[in-house]
Amino acid sequence: MRADLLTDAVEGLDEALGAVDGFDQVLVGGLLRPQPAQAVGLAALADAVAGSPLAGRVAEAAEKSAAGAADEDHYLALAAARSALLGSVHDALVARVEEAVGRPRAEEPAATADGAEHPVNLLMATRGWLCDVARAGWQGIDHELIGGAAPVVTAMLPEPGLRRLATLLDGFAAELAASCPGATLERMPVRRWADLWSRAMLLTLPGADRATAVAEATGRLLPLGVDLHEHATAVQAQVHAVFEPADGGTPRLVRAGVSAPKPDTVVGAGLWQLLRPHMSLLAAVSEGRAMELDAMPVTAEGDLIWDDARATQGEPAEPFTTARVALPTAAAAPVAPVDRHPARIAVPVLLEGYAVEDAGEGVAFRVAGERLAVGTGRVPAAGPLTADAVASSAACLGLLRWDAGQFLLQPLAVERTVRKKAVAVHAGAWAGGTADKAGVRAEKAATDAVNVLRERAGRLLRK
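Treat the numbers as computed from the prediction; the structure is a model and nothing was measured. (Residues numbered from 1 in each chain as written. Predicted model: local features only at pLDDT ≥ 70, side-chain atom pairs only at ≥ 80, totals over all residues. Heavy atoms only, no water.)

This part is about the overall build of the protein. In terms of regular secondary structure, the protein is built from 15 helices and 13 strands. A compact globule built from 463 residues would reach a C-alpha radius of gyration of about 23 Å, and the protein, at 23 Å, matches this within 12%. Principal axes of the C-alpha set define a box for the protein whose edges measure 70 × 65 × 50 Å. By residue count, 47% of the 463 residues in the protein fall in the buried class. Pairs at least 24 apart in sequence give 70% of the contacts found in the protein among residues at least 6 apart. (Helix = DSSP H or I, 4+ residues; strand = E, 2+ residues; numbered from the N terminus. Rg over C-alpha atoms; globule rule 2.2 N^0.38 Å. Buried < 20%, exposed > 50% of the residue type's maximum accessible area, 1.4 Å probe, protein only. Contact = heavy atoms within 4.5 Å.)

See below:
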């Protein structure tokens, strides 16, 4: 891997992110009575897209917003401009990563599938609430304003095609409600809230939330590792893998995800108990096996719509062997325009021959003379992989991400030498169950917690 490409400056990146940051500060104070500093941020956003098809609409929207006379269409244009800038940053960073790892790039665009039209009144109600939030700004939010999202979310949930937007809106409103009143906030996640606001605004456009076209995948699936995402009330496991088509076509990078609601008392290894019943792939990950797929639905963006009935357990397939043999030639899937954002970047890579640095600022790898930060804080507690194991490793299989202005490696597995033998340690080793002593203890503790919760729930239902 050409690590120097990951540290070299990307032309135009700072300017694009600067325009985004300027607009995000506009949302802090709100657009009801814009101040001169906010007008500057709006003008900078318009200048940043001056050479694009959005130029005219965004220039008008910036002018109207600076005068406090913007309507919903103007706010939608501003959200589109912000998303377009972050999309361009995403594309530039992905191009840099592909050049660094020398991996083939998928040329075909992500086609959209036909879908049913959604009730326009619900989309307009959502957009109206989001515009009210933008007028108030993060400093002006209160419980009365945020509470206006609840009936809209309730009305959208019965509509399958609107659940993506409903879930986003519900989570966004919950975060804002937990921070009310905004006037008392000393710190706020400015970039995150602006991301959620602009994405929700775009999803109010009819057809914006349509899924990409779905095809069928038949062939061999070779797991690389599991990325676990945990929230107080939900958990998701995303398996990154290489798919080898049965017809001998080009290997592809794909993902398979499973999610489940959870009580906030279930943590650590207990999370796997919530996920296992929904996806047999987790057992294959733990056992180091491939899976044979038969007409498994897959989107144009490389997301498998998992169905256990279409998958059978295959031969042993060690992830580091897969990474050394199959990963270099696996092509990445295209990304739909609405999903292009730097935070979405997660490129599987294998690093070997690096030196480990631990200077009190966290673990980093020195690769070909370049320093690459390692996100050991992203390693889940629901597995045997630890920061110490990463620091003593000789090979690392992970996801290359973009975080806080730099590329960062999130470890999925490492190889280390124990008693003169190479031993692999995987973050998802306990996904399908384990005989590891630490894993067994953690599983038992989680089982006890789940049993207590079920018994209490049953008592409440009997009353």
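Right, let's get into the packing of helix H8 (residues 149-156) against helix H9 (residues 163-178). Closest axis-to-axis distance for the H8/H9 pair is 9 Å, and the angle between their directions is 155 degrees. As far as their axial angle goes, H9 and H8 are roughly antiparallel. Of the two elements, H8 crosses H9, and the hand of that crossing is left-handed. Residue-level inspection shows Ala 149, Val 152, Val 153 and Met 156 of H8 in contact with H9, the latter providing Leu 165, Ala 166, Leu 169, Asp 170 and Ala 173. Looking at the contact of H8 with H9 residue by residue, the classes come out as eight nonpolar, no polar and one charged. (Axes fitted to C-alpha atoms, helices over the stretch in contact; angles between N-to-C directions. Parallel < 35°, antiparallel > 145°, perpendicular 65-115°, else oblique. Left-handed = near helix turned anticlockwise from the far one by under 90°. Nonpolar A, V, L, I, M, F, W, Y, C, P; charged D, E, K, R; others polar.)

So, about the pattern of salt bridges. If you walk through the whole model with that rule in mind, you get 23 salt bridges. The salt bridge involving Glu 175 is made with Arg 192; its shortest N-O contact spans 2.5 Å. Placement of the pair is Glu 175 in helix H9 and Arg 192 in helix H10 (residues 190-203), with a sequence separation of 17 residues. Of the residues examined, Glu 175 reaches a relative accessible area of 25% and is grouped as partly exposed. Using a relative accessible area of 44% as the deciding quantity, one classes Arg 192 as partly exposed. Because the salt bridges share partners, they merge into one network encompassing Asp 21, Asp 24, Arg 82, Arg 191 and Asp 195. (Salt bridge = Lys/Arg side-chain N within 4 Å of Asp/Glu carboxyl O.)

Further remarks concern the domain arrangement of the protein. Along its sequence, the protein is carved into domain 1 (1-74 + 86-102), domain 2 (114-210), domain 3 (213-329) and domain 4 (338-426). The centre of domain 1, based on its C-alpha atoms, is set 35 Å off from the matching centre of domain 3. (Domains from an automatic or database assignment.)

So, on to the side chain of Arg 127. Mapping Arg 127 onto the fold places it in helix H6 (residues 120-136). In this view, Arg 127 contacts Glu 72, Asp 73, Leu 76, Met 201, Thr 204 and Leu 205; residues no more than four positions away in its chain are not counted.

Right, let's get into the packing of H9 against H10. Look at H9 against H10: their axes get within 10 Å of each other, and the N-to-C directions meet at 150 degrees. If you check the angle between H9 and H10, you find them roughly antiparallel. Viewed along their axes, H9 and H10 form a crossing whose handedness is left-handed. Note on element contacts: H10 touches H9 through Arg 192, Trp 193, Leu 196, Trp 197, Arg 199, Ala 200 and Leu 203, opposite Arg 164, Leu 165, Leu 168, Phe 172, Glu 175 and Leu 176.

What follows covers the packing of aromatic side chains. A complete count under the given rule lists six aromatic pairs for this structure. An aromatic cluster is present here, built from Trp 129, Trp 138, Phe 172 and Trp 193 joined pairwise through their rings. (Phe/Tyr/Trp six-rings, centres within 6.5 Å; stacked < 30°, edge-to-face > 60°.)

In summary, soluble globular proteins display a tendency toward joint burial of nonpolar side chains. Ranked by size, the top nonpolar core spans 92 residues in total, and within it Trp 129, Trp 138, Phe 172, Leu 176, Trp 197 and Phe 365 carry the most contacts. In terms of residue count, the dominant contributor to this core is helix H5 (residues 72-101) (14 residues). Excluding residues that lie within four positions of it along the chain, Leu 176 makes contacts with Trp 129, Val 133, Trp 138, Ile 141, Ile 146 and Trp 193. Within the second largest apolar cluster, 34 residues are counted, among which are Val 258, Ala 260, Met 291 and Trp 430. (Core = buried A, V, L, I, M, F, W, Y, C linked by side-chain atoms within 4.5 Å.)

The omega torsion across Cys 180 and Pro 181 is -5 degrees, close enough to zero to call that bond cis. On the secondary structure map, Pro 181 appears in the loop between H9 and H10. At Ala 295, a position not held by glycine, the phi torsion is positive, near 55 degrees. As for its placement among the helices and strands, Ala 295 is situated in strand E4 (residues 289-299). Take Ala 295: its relative accessible area is 14%, and that puts it in the buried class. Its identity is not glycine, yet Ala 404 carries a phi of approximately 55 degrees, on the positive side. Tracing the chain through its elements places Ala 404 in the loop between strand E11 (395-403) and strand E12 (406-418). On the basis of relative accessibility, which here comes to 75%, the residue Ala 404 falls in the exposed class.

Our next topic: the environment of Leu 412. Structurally, Leu 412 is set in strand E12. We classify Leu 412 as buried; its relative accessible area is 2%. Sequence separation between Leu 412 and Glu 287 is 125 residues, and the spatial gap between their C-alpha atoms is 15 Å.

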